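Listed here are the chains, written in short residue letters.
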Amino acid sequence: MKNIIKSEFLKLRKDRFCSILFLVFLIVGAWTVSSSMGISPDGKKYAGDNAVTALALVPFIIQFFLCAFVPHACGADFKDKTYNYEIMSGHTRAEVYFGKVIAVIITGTLISIVLFAACIGVSAIGTDGWGDSVQLSDILMKIFIMMFCFIRIICVYIFLTYIIKNMYAVVIIGFVFSILFNVYAEVTSRSKYILGIINLKAVNTFDAWCTFTVKGDKYSTFDLSISSELATGTIIYSLIAGCLVLLLGYAFFRHDDMN
């Protein structure tokens, strides 16, 4: 299985579609964050404000990146019969499945984190320092907890790809459900662990305070701290749900006729 994992990493690294996909979503994310950023009362732009704006916008963008990346990474091998060739060459179905899954989860998670950081970094070019509206440590903690939500979302798309075996259909389903569940997450605070997208929204929620001077200038302060209950629940539920859907995907792949 080690050789399969290595070959999958190499394949993904050289995949032109994945590279173009990353660049497109990086440009979209950086432009969205930059265009949504305001100017402070002292006439300056701060990278910290960019980071808060990114927290509100980039996770939504990453969801769409994942629902295009994962079906392509897993589903393209159904189209060109790579899975059949790997099995006929002597690899077990467990080696083929989990080798692919491990490579896709690691790559998808790392790209999501890099995409997040890159959107903040690119949009921070030309700003006047970090500012004092938010702590960098709080931003990093948010991104760390979100990583588990991304892993859970990746696992779901892997499961759907192995069940449907049509990457284009999974992309369409992913786009539609991403929009629907994000709308649902906006109107309710219940069942925050039931789905990765809804859990991601709960993690991404934060408090903001605004103060006004007698001149009408507005100063903002953000509290991005995450409760221990939410952080622990997100990690546990994400790992359990991710493992369950991957095992279900393997159960299907193990008995699939590969046609």
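Before going into details, it helps to say that this report is about the structure given with it. Just so it is clear, the model here is predicted, and its values are computed rather than measured.

### Regarding unusual backbone geometry
Non-glycine residue K165 carries a positive phi angle of around 60°. Position of K165 relative to the elements: it lies in the loop between α6 (136-164) and α7 (167-187). What makes K165 partly exposed here is its relative accessible area of 24%.

### Here's the deal with helix α3 (residues 47-79)
Each full turn of the α-helix corresponds to 3.6 residues, which orients residues three or four apart in the same direction. Of all the bends in α3, the greatest reaches close to 40° and is centred on L55; the proline P59 follows between one and four positions later. The buried fraction of α3 amounts to 28 of the 33 residues, a majority that puts the element mostly inside the structure. Remark: K81 follows α3 within two positions and exhibits a positive phi of approximately 65°.

### Description of α7
Across its 21 residues, α7 extends 30 Å between first and last C-alpha, which sits within 8% of the 30 Å expected from 1.5 Å per residue. The set of residues buried in α7 consists of M167, V170, G174, S178, N182 and A185. Along α7, the residues classed as buried sweep out an arc of 90° about the axis, all on the same side. Of the exposed residues in α7, those oriented more than 90 degrees away from the buried face are Y168, I172 and V187.

### A look at the packing of aromatic side chains
Within the structure shown, the criterion is met by 16 aromatic pairs. Taking 4.8 Å as the distance between ring centres and 45° as the angle between the ring planes, the aromatic pair formed by F64 and F175 counts as tilted. Separated by 111 residues along the polypeptide, F64 in helix α3 and F175 in helix α7 bring together distant segments of the chain. The class for F64 is buried, based on a relative accessible area of 11%. On the numbers, 5.0 Å between centres and 90° between planes, the contact of Y97 with F98 is edge-to-face. Its relative accessible area of 24% is what places F98 among the partly exposed residues. Three or more aromatic residues joined by ring pairs make a cluster, and in this case those are F78, Y83, Y97, F98, Y162, Y250 and F253.

### Overview of the nonpolar core
If you look at the biggest cluster of nonpolar residues, it comprises 63 residues, and the most contacted ones within it are F69, F116 and I158. Contributing elements (two or more residues each) for this core: α1 (2-14), α2 (16-36), α3, α5 (93-123), α6, α8 (196-203) and α9 (228-254). Considering each element in turn, this core owes the most residues, 17 residues, to α3. Every residue in contact with F116, bar those within four places of it in the chain, is listed here: A54, L55, V58, P59, I62, I143, M146 and F150.

### With respect to the packing of α3 against α7
Where α3 meets α7, the axes come as close as 8 Å, and the angle between the chain directions of the two elements is 160°. If you check the angle between α3 and α7, you find them roughly antiparallel. Of the two elements, α3 crosses α7, and the hand of that crossing is right-handed. Side by side, α3 and α7 meet where F60, Q63, F64, C67, A68, P71, H72, G75, A76 and K79 of the first sit next to M167, Y168, V170, V171, G174, F175, S178, I179 and N182 of the second. Classifying every residue of the contact of α3 with α7 gives twelve nonpolar, six polar and one charged.

### Here's the deal with the side chain of D256
For D256, the position within the fold is in the segment after α9. D256 sits in the buried class, given a relative accessible area of 8%. Here D256 is in contact with F78, R93 and K165, once residues within four sequence places are set aside.

What counts and how
- Residues numbered from 1 in each chain as written.
- Predicted model: local features only at pLDDT ≥ 70, side-chain atom pairs only at ≥ 80, totals over all residues.
- Heavy atoms only, no water.
- Helix = DSSP H or I, 4+ residues; strand = E, 2+ residues; numbered from the N terminus.
- Buried < 20%, exposed > 50% of the residue type's maximum accessible area, 1.4 Å probe, protein only.
- Bend = angle between axes of the 7 residues up to and from the residue.
- Expected span 1.5 Å × (residues − 1).
- Arc of directions from axis to C-beta.
- Phe/Tyr/Trp six-rings, centres within 6.5 Å; stacked < 30°, edge-to-face > 60°.
- Core = buried A, V, L, I, M, F, W, Y, C linked by side-chain atoms within 4.5 Å.
- Contact = heavy atoms within 4.5 Å.
- Axes fitted to C-alpha atoms, helices over the stretch in contact; angles between N-to-C directions.
- Parallel < 35°, antiparallel > 145°, perpendicular 65-115°, else oblique.
- Left-handed = near helix turned anticlockwise from the far one by under 90°.
- Nonpolar A, V, L, I, M, F, W, Y, C, P; charged D, E, K, R; others polar.

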